[in-house]
Amino acid sequence: MRAGLACLALVPALAACEGRQSVLDPAGRDAAVMAELFWWMLGGAVILWLLVNGLMVYVSRLNRDALSVRAATLLVVGGGIVFPTVLLAVLLSYGLSEMPRQLAPGTGLSVRVTGELWWWRMEYLPEGAETPVISANELRLPAGSRSELRLGANEVIHSFWVPALGGKTDMIPGRETRMSLEPLEPGEYRGQCAEFCGDSHALMAFGAVVMEPEAFREWLEHEATDAAPPATEAARAGRAVFLAEGCGSCHTVRGTPADGTIGPDLTHLAGRTTLAAGVLPMTADALKRWIADPRAIKPGARMPGFDHLGDARLDLLAAYLEGLE
Amino acid sequence: MTDHSRDAGLARRLPEAVTQPEPVGPFPPTDEMLAVPVDPALSREQADRLKQAWHTPQGWRYLSAVNNTEVGVWYSMTAFGFMLAAGVLALLMRVQLAVPENDFLSAERFNQFFTMHGSAMMFLFAVPMFEAISILLLPALLGARDMPFPRLSAYGYWCFLIGGFFVLGSVLFGVAPEGGWFMYPPLSTEAEGLGPDIWLLGLSFIEVASIAAAVELIVGTVKCRPPGMRINLMPLYAWYVLVVGGMILFAFPPLIAGDFLFELQRSFDWPFFDPERGGDPLLWQHLFWIFGHPEVYIIFLPSIAVAAMIVPTAARRPIMGYSWIVLSAVGTGFLSFGLWVHHMFTTGLPMLSLGFFSAASEAVVIPTGVQLFAFVATLIVGRVKIILPMLWIAGALAVFTAGGLTGVMLALAPFNWQVHDTYFIVAHLHYTLFGGMVFPIIGGVYYFYPSIRKKKLSERLGRWSFWLTFTGFNITFLPMHLTGLKGMPRRVFTYPGDIGWDWLNLVSTLGAFVVAAGILVFAWDLVRPKGHQPLAARNPWNGGTLEWSHDVPAQAWGVRSVPYVRSRYPLWDDPGFLERLDAGRFYIPDAPEGLRETIVTSAIDARPQHVARITGPSWSPMVAAVFTGGAFIFPTFKWYLAAGISGAFAVATVIYWLWTATARVPEAPTKDAGLGLRLPTYVSGPKAPGWWAVFITMLGDATAFASLVFGVFFYWTARPDFPPAGAEHADLRAVAAAAAALTLAWATTLGARELNRRTLRRAARILLGAGAALAAAGIAALILAVRLPEMDPTSHVYPAIMWALVVWTVAHIGAGLIMQLYCLAGSFAGRLTPRHDADLWNTTLFWHFLVVTCLVTAAVVGLLPRAL
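Residues numbered from 1 in each chain as written. Chains lettered and ligands numbered in written order. Predicted model: local features only at pLDDT ≥ 70, side-chain atom pairs only at ≥ 80, totals over all residues.

1. Brief notes about the interface of chain A and chain B
Point 1. Taken together, the contact between chain A and chain B spans 71 residues of the former and 70 residues of the latter.
Point 2. When residues of the side of chain A that touches chain B are traced back to their parent elements, those giving at least two are α3 (29-62), α4 (69-97), α5 (99-102), β7 (169-171) and β8 (177-181) of chain A.
Point 3. Ranked by residues supplied to the side of chain A that touches chain B, first place goes to α4(A) with 16 residues.
Point 4. Split by residue class, the side of chain A that touches chain B holds 41 nonpolar, 20 polar and 10 charged. (Contact = placed C-beta atoms within 7 Å. Helix = DSSP H or I, 4+ residues; strand = E, 2+ residues; numbered from the N terminus. Nonpolar A, V, L, I, M, F, W, Y, C, P; charged D, E, K, R; others polar.)

If you want it as structure tokens, here you go:
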């Protein structure tokens, strides 16, 4: 990232700006432009702050005598009117000229994201495709091109945000909003809901994975396939538990009778980097904890607890789900 | 407001209208008149009579006091108490966030706490604090004896106290609202439990009290200035009261209209914000932020006003650029209504709106900058003497400029998309509100305390408090900028430990406790017993404005005599001013009738017009507030019958209070006001403060109504199914009948006023009675117009918003009807006569606004949907 002058003075502090959810550690074009703009604005702000408050200290501490009325009038006119008008005009013309590019429509892939309580429904629609590839709780985008995001919500308002890639847009029931993102650097980042949406607002995140275009195409093709049949004895038993317990009334696992749409699609669950919308790691242990008592992890979660299954059957379920790559 | 344009032939056949007495005598007074000494013995007798009239009730009756000096202190201490409570909530939240994945607070608890922290700081501290301090200070700044409507101040205070305890108390029972201080639907419309209802009804109740106080402050500034204090001689604080009062008047009503719709949805399932039935959650966001953004400046401008009083004293010279500051304040007020959309930059608005509101948001820098630089300029040209309040002001400037500079960043829409709803905003808003409110207000308390309590606060504790608060504040909030940039959203009760937010949050939590220590030192300084401390000097900072002519020790009369003012800094510019004031050389130095009085002057050039009799101690404000509270609080629990009964009692109490204490026929038409001037003791129409109060209140009321009409047009433009195809509309004949009846009701009220003035009292009574009957007929016709099976308000937003307009209008016609009957009763009882007709003037004024409301409602309900 090419940064402004202010940035150079803050090199040690830059380390503190890193992070997979950081505005200041950009991996997409929009985020990079805004990060650079921020450093310039910060530099300007620091200088202006020092000038105004330095003047205050000077007149109230260092030189308390009466100074010229002319200088004072010049200060009001110059500092209050002329200087800010010029500076703001420059800032506005640069800042607002960024908008058309950031709001430009995507050129290939389109993803429809729907905010649920408290998870994300993801529907991938590659250019020219008729039916979407349905997934959940993880956004994968190809690097180097601008993808379109169509946003909606079911019960309450959410806001879709991947800081490392670009700005956020609200998801509003009854409306469709849109934005676009142009990721540049492949890697794993994190997105999070930014509009307060109730009890577990804090626990509504998702993994955002930027991939090389070719790898992305392969991933999407795999994502469109049906679930892999269980490979082990335990997994087969786990599938039986899954179907017997009625998990399929809320969840879909393509290629099985489970076709519910209330909860997230689980067809390729184990291929995701996180579980429960960015809250837990994708491990057998986490799967068990989640299924046994989702509300202990995510207050208010809609999914009921299955701790009555007992440890053994939970193990089987986890084995089955872990195999859904 | 005269109707001379009517048929001259008819007018000639009617008796002459009764004329009102005019002021008689010299004005302005000459230097010779002012130099005549007052006989000390006479002055002492006058002072005794004044003390008698202004005596503050003692013992338990103290709570019936209505003096601005008493009510103002209760009001500000209550607001401060609510601020401490909201601060405790903040500390508890900081404890929860100190470390990642903490379980000190549950999600539900945390969400209640941040909702109540924001709501209480905004509605129970920031706005009421301005009103409290202004009620306390304004009469002193203007050399007036009291506010124009002391019982209204007391009523507002009791409403505030009851509402505040109700709303804040809900936290203790775990039923507090948890949808954020912005209460966005559908989250809050669909939320179970009492929380949202407590928020909507409790805070609406307080908003009504806030508007009442704003009305009183505006009238106080416009009509109760001392003779000679032309509008360009007002202390800057009074200008800010005017601007902020006006902003409250236009900013709160959209929120009240929003609350009204919101509660109708929660209680009766009218789907205003439900997209399934044609509603739209964004309408609430618009109404909320049309209020919410001016709110920021409603909080910030009074603090600038406090600084504008302290800075000249510290600089020991008049303020630089008085008119520039006034223009900038007015400009800020106007601009602040054009910025609300910058709270909605991420809702997917068209680019044109984004650009416009970005530019408007940046533009507000200019008037703000002019005001700040004018203060610095004053310090440049003055010989600065650093006083403790100035330390707080300097700290405020340091903090506020930092908040302003991040504000410049936020106003840019594309940057806003990144940091909106993150901790960057939390940092920004606390920098602006601490710097633009908390620091200046505490500085103001240190500055004005000797004028209010006649003792000085401790210099040493003041410095400790400042440095603790200032340091702690920056430790807490400076790191939050980075926390936000590193991606931490607001309003999260927990966060993972592996994103790099943990150490930043820990630092913020430690800082928060340092702030708390600073605020506690201040609180201790404020309440510590000061009995042994000597009285403060009368003018300890050597200020130049009227509040430093106060009496030490305290007197309840406000000022010994209402001064003649000819300079912005009378104490600096006018030698002999204090001696004359104390001797009773100026106006109304006596209270021979034993009544509380103050002088009413003309709005622009402050020529004396009237000696107003103002109300004294009474329990009725408190009783009325309790019943009003019932009317707002009972519906929370769906006890509608109890609410109706309580509301009826509230109306009855207010009628009793008005009947027994306002617009009473005086013992003589004019009285000696001092310095050779005889002033009327009763005026009606635009000369009367009461008429101004009705006018100003109705401007606010009209704004709320306009917000509802805006709602209709919003649905029409934003929703394709408004009105839904084939929908049944309101019955056009009934709407037309209502419009006709209500127009006639207005005309008969106006006619009654004119006939009454022309001594045709019996004809006036007949017209008033007919007007009341027509108003009742209008109510019936309006309800019949929409009471159709096809217009079930729960079925779709279209019938719902039509019903909402009708309900609003009907409630107002009800008030108009009560006012007509009140005048009719007054006429029979002899308190409303051809010469004493203030009530009828006010009723007519109300009906002017009402008839417009009715006709707009008729057009929107009856005609508009057929035209769409």
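2. Brief notes about the packing of helix α25 (residues 761-786) of chain B against helix α26 (residues 797-829) of chain B
Residues and elements named next belong to chain B.
Point 1. Here α25 crosses α26 at 165 degrees, and the two axes come no closer than 9 Å. Judged by the inter-axis angle, α25 sits roughly antiparallel to α26. Note on packing geometry: the crossing formed by α25 with α26 is left-handed.
Point 2. Its residues assigned to classes, the contact of α25 with α26 comprises 18 nonpolar, 8 polar and 2 charged. (Axes fitted to C-alpha atoms, helices over the stretch in contact; angles between N-to-C directions. Parallel < 35°, antiparallel > 145°, perpendicular 65-115°, else oblique. Left-handed = near helix turned anticlockwise from the far one by under 90°.)

3. Section: the environment of B:Val600
All names here are of chain B.
Point 1. Along the chain, Val600 falls in strand β1 (residues 597-601).
Point 2. On the basis of neighbour count, Val600 is assigned to the buried category, with 27 C-beta atoms found within 10 Å.
Point 3. Between the alpha carbons of Val600 and Pro496 there is a distance of 63 Å; along the sequence they are 104 residues apart. (Buried ≥ 20, exposed ≤ 12 C-beta atoms within 10 Å, placed from the backbone.)

4. A word on helix α12 (residues 351-363) of chain B
Point 1. Taking 1.5 Å of rise per residue, 13 residues should cover 18 Å, and α12(B) covers 18 Å from first to last C-alpha, within 8% of that figure.
Point 2. For α12(B), the full list of buried residues reads B:Leu354, B:Phe357, B:Ser358, B:Ser361 and B:Glu362. Take α12(B) and look down its axis: the buried residues cluster within an arc of 140 degrees, on one side only.
Point 3. At its buried positions, α12(B) is contacted by α4 and α5 of chain A together with α13 (365-381), α14 (388-410) and α15 (413-419) of chain B. (Expected span 1.5 Å × (residues − 1). Arc of directions from axis to C-beta.)

5. Details of the UniProt feature "transmembrane region" (unreviewed entry) in chain A
Point 1. Summarizing the sequence annotation, UniProt attributes the feature "transmembrane region" (unreviewed entry) to residues 39-59 and 71-96 of chain A in the numbering used throughout.
Point 2. Within the segment residues 39-59 of chain A, helix and strand shares are 100% and 0% respectively, and the terminal C-alpha atoms sit 30 Å apart. (UniProt positions renumbered as here; feature names shortened; annotations may be inferred.)

6. As for the pairing of β1(B)
All names here are of chain B.
Point 1. Of all 5 residues that make up β1, 5 are buried, and the element is covered over most of its length.
Point 2. Burial of β1 is two-sided: the residues Glu597, Ile599 and Thr601 facing one way and the residues Thr598 and Val600 facing the other way are all buried.
Point 3. Linking β1 to strand β2 (residues 608-613), which pair antiparallel, is a turn of 6 residues; within it Ala606 sits at a positive phi near 55 degrees. (Pairing = 2+ DSSP bridges.)

7. As for the environment of B:Gly164
Residue and element names in this part refer to chain B.
Point 1. Among the structural elements, Gly164 can be located in helix α6 (residues 150-172).
Point 2. For Gly164, a count of 25 C-beta atoms within 10 Å translates into the label buried.
Point 3. Residue contacts for Gly164: discarding those within four places in its chain leaves Thr78, Phe82, Leu124 and Ile206.

8. Re the sheet that holds strand β10 (residues 205-211) of chain A
Residue and element names in this part refer to chain A.
Point 1. One open sheet holds the 3 strands; their spatial order is β4-β10-β9, and the pairing between them is mixed. Single-partner strands in this sheet number two, and they are β4 (138-142) and β9 (187-192). Strand-to-strand twist in this sheet, taken as the mean axis angle between neighbours without regard to direction, amounts to 25 degrees.
Point 2. Note that β9 and β10 share 6 bridges and pair antiparallel. When the bridges of β10 are listed, Tyr189 appears paired with Ala208.

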